[in-house]
Amino acid sequence: MKQMIMTFLAAVMVSTAAVAQDKDCNKPSEDNNRKQEMVKHRTDKMVEDYQLNDKQAKKLLALNTEYADKMRPPHHGPHGHHGPHGMRGQRPEPPKGDMRGERPEPPKGDRQDRRKEMMETMKAYDAELQKIMTTEQYEKYKADMQQRHEKGHKGPHGPQ
């Protein structure tokens, strides 16, 4: 009887480990699928908002796919928008070393460098977008971006 229970427990442990490992292996493809869905959604929204034709839509999808990783805000790490702990409001454990709650000072210039790089990427994206859209479509796009910027939103389609 003991031997049967031990065999059963061993089988459960092995199958649990296999399932956990399988889930980890599928994670990158899930992230990739999510990214593709977001690119498609962003493209569809722009096609609708600026009345792009099929040819423009295909070019825009290619452009948005190319820039999907480049235009992601740098604070979004591998854990996505909510960080490593899921939902907003949940805070990670404080670091073990310094218990005063002070954060180390980020290297000087690091934030400016990321901002400069992001601005250059946005300029390159806009230049490519201008080639895809008609003058009227692009002017409407720029006006919308200006309006969103004034309202405090970031990125081409609101906060991300």
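Being a predicted model, the structure only gives us computed values, none of them experimental.

Peer 1: Which parts of the structure should I look at to understand the overall build of the protein chain?
Peer 2: Looking only at helices and strands, the protein chain has four helices and zero strands in total. Mapped from its N terminus to its C terminus, the protein chain presents α and β elements in the order α-α-α-α. Buried residues in the protein chain amount to 20% of all 160 residues. Counting only contacts in the protein chain whose residues sit at least 6 apart along the sequence, the fraction spanning at least 24 positions is 65%.

Peer 1: How do you make sense of the packing of aromatic side chains when you look at a structure like this?
Peer 2: Each aromatic ring pair is characterised by the separation of its centres together with the angle its planes make. On inspection of all chains with the given rule, the structure shows three aromatic pairs. Taking 5.5 Å as the distance between ring centres and 75 degrees as the angle between the ring planes, the aromatic pair formed by Y67 and Y125 counts as edge-to-face. Of this pair, Y67 sits in helix α2 (residues 54-67) while Y125 sits in helix α3 (residues 110-132), and the two are 58 residues apart along the sequence. The two residues Y67 and Y125 agree in class, both being buried.

Peer 1: How do you make sense of the pattern of salt bridges when you look at a structure like this?
Peer 2: Note that side chains of opposite charge can pair when their charged atoms are close. Using the criterion set out here, one finds eight salt bridges in the structure. D69 is the partner of K35 in a salt bridge, and the nearest nitrogen-oxygen pair spans 3.1 Å. Of the two residues, K35 sits in helix α1 (residues 2-49) while D69 sits in the loop between α2 and α3, which places them 34 residues apart along the sequence. For K35, a relative accessible area of 23% puts it in the partly exposed group. Taking the shortest distance from any N to any O, the salt bridge between K131 and E128 comes out at 3.3 Å. Residue K131 and its partner E128 are both found in helix α3; the two are separated by three residues, about one turn of the helix. Accessibility expressed as a relative area gives 32% for E128, which makes it partly exposed.

Peer 1: Would you mind going over the environment of K131 with me for this structure?
Peer 2: Taking the relative accessible area as the measure of exposure, K131 reaches 64% and is therefore exposed. Considering only alpha carbons, one finds K131 and Q56, 75 residues apart in sequence, at a separation of 9.6 Å.

Peer 1: Just checking my understanding: could you explain the nonpolar core for this structure?
Peer 2: Across soluble globular proteins, nonpolar side chains show a tendency to be buried alongside one another. Counting 16 residues, the largest nonpolar core has M46, L60, Y125, L129, M133 and Y141 as its most contacted members. Elements represented by at least two residues in this core include exactly α1, α2, α3 and α4 (135-151).

Peer 1: What exactly am I supposed to notice about α2 here?
Peer 2: Residue pairs spaced three or four apart in an α-helix point in one direction, given the helix's 3.6 residues per turn. With 14 residues, α2 should cover 20 Å at 1.5 Å per step; its first-to-last C-alpha distance of 20 Å lies within 8% of that length. Here α2 has its buried residues at Q56, A57, L60, L63, N64 and Y67. Here the buried residues of α2 occupy an arc of 125 degrees about the axis, which is enough to place them on one side. α2 presents D54, K55 and K58 as exposed residues on the side facing more than 90 degrees away from its buried surface. The N-capping residue of α2, defined by a side-chain oxygen 3.1 Å from the backbone nitrogen of K55, is N53.

Peer 1: Looking at this structure, how should I read the environment of V39?
Peer 2: By secondary structure assignment, the location of V39 is in helix α1. A relative accessible area of 6% places V39 in the buried class. Ignoring sequence-local partners within four residues, the contact set of V39 consists of L61, N64, T65 and A68.

Peer 1: I would appreciate a short explanation of the confidence of the model for the protein chain in the present structure.
Peer 2: When pLDDT is low, close inspection of the predicted coordinates is not appropriate. For the protein chain, per-residue confidence averages 76 on the pLDDT scale, and residues scoring 70 or more make up 62% of the total. Across the protein chain, element-level confidence peaks in α2 with a mean pLDDT of 94 and bottoms out in α1 with 77. Residue range residues 74-87 is modelled with pLDDT below 50. Its contacts to residues more than four positions away, or to other chains, number 12 contacts.

Reading the values: the criteria
- Residues numbered from 1 in each chain as written.
- Predicted model: local features only at pLDDT ≥ 70, side-chain atom pairs only at ≥ 80, totals over all residues.
- Heavy atoms only, no water.
- Helix = DSSP H or I, 4+ residues; strand = E, 2+ residues; numbered from the N terminus.
- Buried < 20%, exposed > 50% of the residue type's maximum accessible area, 1.4 Å probe, protein only.
- Contact = heavy atoms within 4.5 Å.
- Phe/Tyr/Trp six-rings, centres within 6.5 Å; stacked < 30°, edge-to-face > 60°.
- Salt bridge = Lys/Arg side-chain N within 4 Å of Asp/Glu carboxyl O.
- Core = buried A, V, L, I, M, F, W, Y, C linked by side-chain atoms within 4.5 Å.
- Expected span 1.5 Å × (residues − 1).
- Arc of directions from axis to C-beta.
- Polar contact = N/O pair within 3.5 Å; in protein donor to acceptor, adjacent residues only side chain to side chain.
- pLDDT = per-residue confidence, 0-100.

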